Amino acid sequence: MKRQLKGIGKVFAFTFERQVKSGGYLAGTILFALLCFLLPACIMAAVEYFGGNSDSAAETVSASPVTKVCVVDETEGTADWNLLSQAGSEVFGGISYVPCSDISEAETQAAQDSFSLILVLQETQEAIQGETQNGSAGEPQNSYQMDLILPENTSLSEGDADDLNAFVQANFQIILLQKSGIDPTAAAEFLVPTTTEVTTAGDETLSATEAALENMREVLGMLLPYLNIMILYFLVLFYGQGVANNVIMEKTSKLMDTFLVTVKPTAMVFGKVLAITAASVLQFVIVAACLIGGFAAGSALVRRIHPDSDMLLLLFFDSLSEFQGVLTVPGILLAIVMMVSGFFLYCSLSAIGGSAAGKPEDLSSTNVAFTMVLVISFLAALYAGGIGGMGSGSFARWLDFVPFTSILVTPSRIMLGEVSLGMGLLSLFLVLIVSVLCLLIAGKVYRMMALYKGNPPTPAKLIEMLKEK
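Residues numbered from 1 in each chain as written. Predicted model: local features only at pLDDT ≥ 70, side-chain atom pairs only at ≥ 80, totals over all residues. Heavy atoms only, no water.

Draft legend 1. Here's a closer look at the state of the cysteines. Counted under the stated rule, the structure contains zero disulfides. Free of any disulfide, C290 has its nearest cysteine sulfur in C36, 7.2 Å distant. For C290, a relative accessible area of 22% gives the class partly exposed. (Disulfide = S-S within 2.5 Å. Buried < 20%, exposed > 50% of the residue type's maximum accessible area, 1.4 Å probe, protein only.)

Draft legend 2. Spotlight on unusual backbone geometry. For N153, which is not a glycine, the phi torsion comes out positive at approximately 55°. Counting through the fold element by element, N153 comes out in the loop between β4 (140-149) and α5 (158-170). (Helix = DSSP H or I, 4+ residues; strand = E, 2+ residues; numbered from the N terminus.)

Draft legend 3. Looking closely at a nonpolar patch on the surface. Together, F401, M423, L426, F429, I433 and L437 make up a nonpolar patch on the protein surface, roughly 530 Å² of accessible area in all. Its place among the elements puts F429 in helix α17 (residues 421-448). Judged by relative accessible area, F429 falls into the partly exposed class, the value being 48%. (Patch = residues over 30% accessible without salt bridge, like charges linked within 9 Å, V, L, I, M, F, W, Y side chains within 5 Å. Areas by Shrake-Rupley, 256 points an atom, 1.4 Å probe, with all protein chains shown as cover. Salt bridge = Lys/Arg side-chain N within 4 Å of Asp/Glu carboxyl O.)

Draft legend 4. Examining the packing of aromatic side chains more closely. The full count for this structure, using the stated rule, is eight aromatic pairs. Measuring from ring centre to ring centre gives 6.4 Å for Y346 and F404, while their planes differ by 65°; the resulting arrangement is edge-to-face. Residue Y346 is found in helix α13 (residues 329-356), and its partner F404 is found in helix α16 (residues 403-415); the two are separated by 58 residues along the sequence. No difference in accessibility class separates Y346 from F404, as the two residues are buried. Among the aromatic residues, those joined into a cluster by ring pairs are W81, Y144 and F172. (Phe/Tyr/Trp six-rings, centres within 6.5 Å; stacked < 30°, edge-to-face > 60°.)

Draft legend 5. Region of the structure containing the nonpolar core. If you look at the biggest cluster of nonpolar residues, it comprises 43 residues, and the most contacted ones within it are V273, F343, Y346, A351 and I407. Counting residues per element, the ones that place at least two in this core are α8 (208-247), α11 (265-305), α13, α15 (368-383), α16 and α17. Top element by residues in this core is α13. It accounts for 10 residues. If sequence neighbours within four positions are ignored, I407 has contacts with N228, L232, M338, G342, L345, Y346 and V431. Residues V66, W81, I95 and I175 belong to the second largest nonpolar core, which totals 21 residues. (Core = buried A, V, L, I, M, F, W, Y, C linked by side-chain atoms within 4.5 Å. Contact = heavy atoms within 4.5 Å.)

Okay, structure coming up:
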């Protein structure tokens, strides 16, 4: 094995340097990094500058223009209508309620203020609809009729009166409790809202902090697997084909025979895959760092424009500190290493397709297994509850120990603390073992296909040739 890997360092250094110094790599890195930094910063600043605080201003409800209500209460019992101003509404909190003996006095009082209304409360009797069992008409039922009258020469509109009417109707129980003879202080206690919570017998009651952390854990349990898969798919989509192209480079340039004299096929495949993986991860990290920096710069610009801005993105960033009780630094680091190892695993699979191909046009057929493994792994994880089903009890534990599925679900479970660090290290070790095995197979296929002419062999034929070898 040691002889098979002789020269891997030189292959890695040559391939890595050639990759990072290429015009396409440098131009793509600089372009994407600038876009990821400038777009969030410029868009956030532009939205805040041109939009201002329109959202918060729209949400601020102006106070009612009504300043006085002349109350003509023709029902039994007395009530202090000014208690409605203490009902907790900022919109109708500045209204003064003036009791009047009749409608004439109310009109006189209302004429003194053009922003006044007249409220008339009467008690009526209505027969209950239907008949009793004896066939007689139902007993009369007491009810209240409330009328809001716009005085002459008023500055108020019917809409202002309708808004106040809705408010009084919603809080009319305050008046009724007073009319029943209950002390106003005691009446306020009747109106205190109550909260209920349904729990299962035997379950421990969670504190407010524990309940909040549990809710955040459930939300992250839904989002993190999809984020993990999206990042891995992005890496595979953009860089997976490049691994296969680099593996067959010497075949197309007729330098394969020269290389194979000084470097073993296994060492060449190992060095190339490691170099391309390292260069790809480096580019991704640079772009991701610029994206984070862009959002940080955008947040700073928004705060500079409006220090009290309530932009949703800023509220989200401010809430990230609450996740400290859910996520741990060792778990995040191990999850990141696990994701990089997953990308390395798929690069190793792509190396097998590149080794079996004779020219770039053959990669579409030789990389069928590469794409099928990705699709089947995703469907298996989805069916077994590994995506969106974590924490529900339906998760299949074997997903953590199958390398092609563990790279999709285990990083999220490590960050959420559903998998111990020891189990995460075991899963990582299995992924690396399978990756090395794939590279060993790629090296054998590369050597076996060195003198092969014709169409690329089918997967079944390839396996048969490996057995004979």
